[in-house]
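A closer look at the structure
Take a look at the letters that make up each chain.
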Amino acid sequence: MSSHQSRIFASTEGDAWFKRNAAQLRDFEPETDFPLKLLDLYGLKPRRVVEIGASNGYRLAEIASRYSAKVVAVEPSSEAVLNGTEAFPSVTFVQGDASRLPLQNSYDLVLINFVFHWVDRSRLMQAVAEIDRLVVDGGYLIIGDFQPSHLAR
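So, a few notes on the structure that sits alongside this text. Every value quoted in this text rests on a predicted model; they were computed, and no experiment measured them.

Some remarks on the packing of helix 2 (residues 34-41) against helix 3 (residues 58-67)
Across the interface, helix 2 lies against helix 3 with an axial gap of 10 Å and an inter-helix angle of 25 degrees. Relative to helix 3, the element helix 2 is oriented roughly parallel. Every pair of crossing elements has a handedness; the one defined by helix 2 and helix 3 is right-handed. Facing helix 2, whose interface residues are Pro-35, Leu-36, Leu-39 and Asp-40, helix 3 presents Arg-59, Glu-62, Ile-63, Arg-66 and Tyr-67. Among the residues making up the contact of helix 2 with helix 3, the classes are represented as 5 nonpolar, no polar and 4 charged.

Here's the deal with unusual backbone geometry
Phi is positive for Ser-55, which is not a glycine, with a value near 55 degrees. Structurally, Ser-55 can be placed in the loop between strand 1 (48-52) and helix 3. Taking the relative accessible area as the measure of exposure, Ser-55 reaches 5% and is therefore buried. We note that Phe-114 has phi near 60 degrees; this positive angle belongs to a residue other than glycine. Residue placement: Phe-114 occurs in the loop between strand 4 (107-113) and helix 5 (124-134). A relative accessible area of 22% means that Phe-114 is categorised as partly exposed.

A short note on the sheet that holds strand 4
Strand order in the open sheet formed by 5 strands is 3-2-1-4-5, with parallel pairing between adjacent strands. Two strands bound the open sheet, and with one partner strand each, they are strand 3 (91-95) and strand 5 (135-144). Across the sheet, the axes of successive neighbouring strands diverge by a mean angle of 20 degrees, strand direction being ignored. Alignment of strand 1 against strand 2 (residues 70-75), held across 5 bridges, turns out to be parallel. What sits directly across from Arg-48, in strand 2, is Lys-70. Strands in contact with helix 3 are strand 1, strand 2, strand 3 and strand 4; relative to strand 2, the strand with the most contacts, it is inclined by about 175 degrees.

Brief notes about the pattern of salt bridges
Summed over the entire model, instances satisfying the criterion amount to 6 salt bridges. The closest approach of N and O atoms between Asp-40 and Arg-66, which form a salt bridge, is 3.5 Å. Residue Asp-40 is located in helix 2, and its partner Arg-66 is located in helix 3; the two are separated by 26 residues in the primary sequence.

With respect to helix 2
Taken residue by residue, helix 2 has Pro-35, Leu-36, Leu-38 and Leu-39 as its buried positions. For helix 2, the arc enclosing every buried residue in end-on projection is 155 degrees, short of the 170-degree limit, so these residues lie on one face. The elements touched by buried residues of helix 2 are helix 3, strand 4 and strand 5. The residue sitting at the N-terminus of helix 2 and contributing the capping side-chain oxygen is Asp-33; that oxygen lies 3.2 Å from the backbone nitrogen of Leu-36. Note on helix 2: the residue one or two positions beyond its end, Gly-43, has a positive phi of about 65 degrees.

Section: the pairing of strand 3
As paired elements, strand 2 and strand 3 share 5 bridges and run parallel to each other. Within strand 3, the residue paired with Glu-75 across the bridge is Gln-95. In the classification by handedness, the crossover that spans strand 2, the intervening helix 4 (residues 78-87) and the parallel strand 3 is right-handed.

Reading guide: rules and limits
Residues numbered from 1 in each chain as written. Predicted model: local features only at pLDDT ≥ 70, side-chain atom pairs only at ≥ 80, totals over all residues. Heavy atoms only, no water. Axes fitted to C-alpha atoms, helices over the stretch in contact; angles between N-to-C directions. Helix = DSSP H or I, 4+ residues; strand = E, 2+ residues; numbered from the N terminus. Parallel < 35°, antiparallel > 145°, perpendicular 65-115°, else oblique. Left-handed = near helix turned anticlockwise from the far one by under 90°. Contact = heavy atoms within 4.5 Å. Nonpolar A, V, L, I, M, F, W, Y, C, P; charged D, E, K, R; others polar. Buried < 20%, exposed > 50% of the residue type's maximum accessible area, 1.4 Å probe, protein only. Pairing = 2+ DSSP bridges. Salt bridge = Lys/Arg side-chain N within 4 Å of Asp/Glu carboxyl O. Arc of directions from axis to C-beta. Polar contact = N/O pair within 3.5 Å; in protein donor to acceptor, adjacent residues only side chain to side chain. Right-handed = clockwise from strand over helix to strand, strands pointing away.

Listed below in structure tokens is the structure:
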């Protein structure tokens, strides 16, 4: 049985967050995106990328374009997945959450940005183990959370 916080997020907040922020996501500016800046700073050129909590895949579409990478978005919001499937055909979408990742492959880059604060504390270590399972040996994990943002919470 899923935890209380996870049920609430899955049933309401996931889609609500996307609806509140859809306009800002259309105005995405890659040059100001912190995870993309880290890729540049460290000279990373990922080939297989997964983002947990990817919204409509806006960041992954940029990564696919820049690096010809194969990109996968894991997102609990059905609204975001539908929008992203239409807007960003280079992105493969999988509906799921951080504590139960429906993926078997490994990736040389795993991104999780502004997600951990949504994860129920009773499932936090399970989410960490799931994310760790996806990072190929020698791969990279970018975690971002609680950075000031223009997005509505």
